[in-house]
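# Coordinates in review
Below, each chain spelled out in residue letters.
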Amino acid sequence: YSSFGQPTNFNMKTTGFILVLTFIIIGVIEGQSPQNGSDTGTLTILISGLQNDNGDVRIGLFNSEESFKGQTEKFKGTIIKPEHKMATWKIEDLPFGYYAVKVFHDEDQDDEIDRKFGIPSEGFGFSNNPGILYGPPGFDKTKFLFNSDSMTIEIKLIIF
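Residues numbered from 1 in each chain as written. Predicted model: local features only at pLDDT ≥ 70, side-chain atom pairs only at ≥ 80, totals over all residues. Heavy atoms only, no water.

## Description of the overall build of the protein chain
Secondary structure assignment for the protein chain yields three helices and ten strands. Helices and strands in the protein chain line up, N terminus first, as α-β-β-α-β-β-β-β-β-β-α-β-β. Across the 160 residues that make up the protein chain, the buried fraction comes to 33%. When the accessible surface of the protein chain is summed, it comes to about 10,400 Å², and 54% of that surface belongs to carbon and sulfur atoms. (Helix = DSSP H or I, 4+ residues; strand = E, 2+ residues; numbered from the N terminus. Buried < 20%, exposed > 50% of the residue type's maximum accessible area, 1.4 Å probe, protein only. Areas by Shrake-Rupley, 256 points an atom, 1.4 Å probe, with all protein chains shown as cover.)

What follows is the structure, encoded as structure tokens:
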């Protein structure tokens, strides 16, 4: 027995090990969790590269490949009036996870990307700003991990 009246055998070592392990686990969890302790945060999406302030900027937020491809409904969407050739969408209480964003500048407000000879004539873009060669990129190239209290992404419109 120790001077505290506790056995000094395996039980004391086991208790100490469990305490140390508990503190390590708590430290790892706290290091990966946001400061507010929730699994949601605020995502700000900045859209730049608009040619003018005409019409609307239409933004879709997608949380799966199926929704990104239009096979299911988008997770969230909005329509914003541009100001100073930019648009900003702030989404609060967004659950952590993988997301992708599609955006286009609907200058004539007809709810579709206008084309000339099959090439888009209105600005468009995607999260991660991937290069466009042969058609739009997929979910894998545009997805990003949202897992913090506050995050800002910028999408620069492509205009041909």
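## Comments concerning the sheet that holds strand β4 (residues 87–95)
Ordered in space as β4-β1-β10, the three strands form an open sheet in which the pairing is mixed. Here the strands that pair on one side only, and so sit at the sheet edges, are β4 and β10 (150–156). With direction set aside, neighbouring strand axes in the sheet form an average angle of 20 degrees. Summarising the sheet, strand β1 (residues 40–48) and β4 pair through seven bridges and their orientation is antiparallel. When the bridges of β4 are listed, L46 appears paired with T88. (Pairing = 2+ DSSP bridges. Axes fitted to C-alpha atoms, helices over the stretch in contact; angles between N-to-C directions.)

## A closer look at the pattern of salt bridges
If you walk through the whole model with that rule in mind, you get six salt bridges. With a closest N to O distance of 2.9 Å, K81 and D56 form a salt bridge. Taken together, the positions of K81 in the loop between β3 (76–80) and β4 and D56 in strand β2 (residues 56–62) put the pair 25 residues apart, joining distant regions of the chain. A single network of salt bridges, built from pairs that share partners, joins D56, R58, K81, D106 and D111. (Salt bridge = Lys/Arg side-chain N within 4 Å of Asp/Glu carboxyl O.)

## Describing the nonpolar core
Core analysis: the biggest nonpolar cluster contains 21 residues, and L43, I45 and I47 have the highest contact counts within it. Mapped by element, the contributors of at least two residues to this core are β1, β2, β4, β5 (97–106), β9 (144–146) and β10. In contact with L43, other than residues within four places in its own chain, are L61, W89, K90, I91, L94, F144, F146, M151 and I153. Membership of the second largest hydrophobic core comes to seven residues, among which are F62, A100, F124 and F139. (Core = buried A, V, L, I, M, F, W, Y, C linked by side-chain atoms within 4.5 Å. Contact = heavy atoms within 4.5 Å.)

## A word on the side chain of D114
Considering the arrangement of structural elements, one finds D114 in the loop between β5 and β6 (115–116). For the buried D114, no salt bridge exists, and the shortest N-O distance to an oppositely charged side chain is 8.2 Å, to R115. In this view, D114 contacts D108, I119, P120, S121 and E122; residues no more than four positions away in its chain are not counted. (Lys, Arg positive; Asp, Glu negative; His and termini not counted.)

## Brief notes about the packing of aromatic side chains
Taken as a whole and assessed by the stated rule, the structure comprises seven aromatic pairs. Centroid distance F68 to F126: 6.5 Å. Interplanar angle 50 degrees. Geometry classified as tilted. Residue F68 is located in helix α2 (residues 65–68), and its partner F126 is located in strand β8 (residues 124–126); the two are separated by 58 residues in the primary sequence. For F68, a relative accessible area of 4% gives the class buried. Given the relative accessible area of 9%, F126 is considered buried. Taken together, a centroid distance of 6.1 Å and an interplanar angle of 75 degrees make the contact between F124 and F126 edge-to-face. Accessibility assignment for this pair places F124 and F126 in one class, buried. (Phe/Tyr/Trp six-rings, centres within 6.5 Å; stacked < 30°, edge-to-face > 60°.)

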